[in-house]
Amino acid sequence: MSLFQTLLKTIGKLKKISVLWSTKENEMKVAGFTIIKNAVVNDFPIVEAIRSILPVVDEMIVLIGDSTDETIALIESIGDPKIKIHHSVWNPALRKGGAVLADETNKAFQLIDPSFTWAFYIQGDEVVHEKYYPAIRAACEKYAADTAVQGLLFRYKHFYGTYDYVGDSRKWYDCETRIIRNNKQISAYKDAQGFRIGKAKLPVAKIDASIYHYGWVKSPEQMRKKQKESSVFWNDDTKMEKIKASPDYYDFTGFDSLEKFTETHPNVMLDRIKRKNWVIDLDISKKKFSLKNLVLYYFEKLTGIRPFDFKNHKIIRS
């Protein structure tokens, strides 16, 4: 083989290596992220939340606030190498409307390396059903290069009282963005229910997946305990003292509309559900609405449309 032929062959190999390296550098990757504080004392299903998205993420950022319980040990007990634990001190001055939750969420988001395409946000009382894993990964792949899409929109199931009831009224948000592009111009909005770019609503694609929200599933005593514990992040001193002086149990009968849950729960929740040690019987036969909300409720049931609803997003793909 001549020197010229050898040189051409070497150049060809280098090109192949370059293409393979470029492909590896640009492959679609998803990082998960969450925040948590005092998970043990408030009985948050944070372990289930994290475990529920580990199969669809390549790394998991967990930002632990300055807890007074065994939260750190609880997260460490998961024992998955994907999990990267970081620590933070929550700002006690951010007391209005849960603003500290957005602040901590933004801190966690900033910890995600630029090499990741997407960031999957999961709150400490939210869980993903394993049946949605294929749809989630497929959507991440589908829209990876479509930079007009800055987030992926999930439907929601809000459980209430026990694992047998879900809220089906306008009181509960029906969808929200939980996967965002790894664009550091995006930030959590208000109490971190959703995300925006500045004040602009996030352009998103709807995907065929739901988030299961278990924040309102606790015993009456544990629910009131959690409210008293977290009131400092939502209220001024006057309202906080009123909450702390309230009875030591929560009255779950104040709902407007519920329906029976007849599907399956995520596998990661099954052990927690078995350990449930309280009973709440709720009469869901009657709707407790004003006339206006009654009309809007049945309009949504008939059409699937929810008019005048608050949204953090703008759907551009569906």
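Residues numbered from 1 in each chain as written. Predicted model: local features only at pLDDT ≥ 70, side-chain atom pairs only at ≥ 80, totals over all residues. Heavy atoms only, no water.

## A short note on the pattern of salt bridges
- With the rule as written, the count across this model stands at 16 salt bridges.
- For the salt bridge of D66 with K37, the shortest nitrogen-to-oxygen distance reads 3.3 Å. In this pair, D66 is assigned in the loop between β2 (59–64) and α3 (71–76) and K37 in the loop between β1 (30–36) and α2 (46–53), connecting sequence segments 29 residues apart.
- Overall, D66 belongs to the partly exposed group, its relative accessible area being 32%.
- Residue classification places K37 among the buried positions, given a relative accessible area of 16%.
- When the shortest N-O distance is used, the salt bridge between R306 and D309 registers 3.9 Å.
- The exposure class of R306 is buried, given its relative accessible area of 10%.
- Linked by salt bridges that have partners in common, D43, E48 and R272 make up one network. (Salt bridge = Lys/Arg side-chain N within 4 Å of Asp/Glu carboxyl O. Helix = DSSP H or I, 4+ residues; strand = E, 2+ residues; numbered from the N terminus. Buried < 20%, exposed > 50% of the residue type's maximum accessible area, 1.4 Å probe, protein only.)

## Things to note about the packing of aromatic side chains
- By the definition in use, this model includes 20 aromatic pairs.
- Measuring from centroid to centroid gives 6.2 Å for Y160 and F255, while their planes differ by 65°, and the two rings are edge-to-face. One end of the pair, Y160, is in strand β6 (residues 151–160); the other, F255, is in the loop between α7 (237–244) and β12 (258–260), with 95 residues separating them in the sequence. In terms of burial, Y160 and F255 fall into one category: buried.
- The interplanar angle of 55° and the centroid separation of 5.8 Å between the aromatic rings of Y163 and Y214 together place this pair among those described as tilted. Note that Y163 is positioned in strand β7 (residues 162–167) and Y214 in strand β11 (residues 200–216), a separation of 51 residues in sequence. Y214 shares its class with Y163; the two are buried.
- Here the aromatic residues F159, Y163, Y212, Y214, F261 and W278 are joined through ring pairs into a cluster of three or more.
- Geometry around F109 places K184 over its ring, the cationic atom sitting 4.1 Å from the centre. (Phe/Tyr/Trp six-rings, centres within 6.5 Å; stacked < 30°, edge-to-face > 60°. Lys NZ or Arg CZ within 6 Å of the ring centre and 35° of its normal.)

## Description of unusual backbone geometry
- Residue A192 is not a glycine yet carries a positive backbone phi of 70°.
- The residue A192 is located in the loop between β9 (186–189) and β10 (194–197) in this model.
- Positive phi values are uncommon outside glycine, yet F308 reaches one of about 65°.
- Along the polypeptide, F308 turns up in the loop between α9 (291–303) and β13 (313–317).
- Judged by its relative accessible area of 75%, F308 falls in the exposed class.

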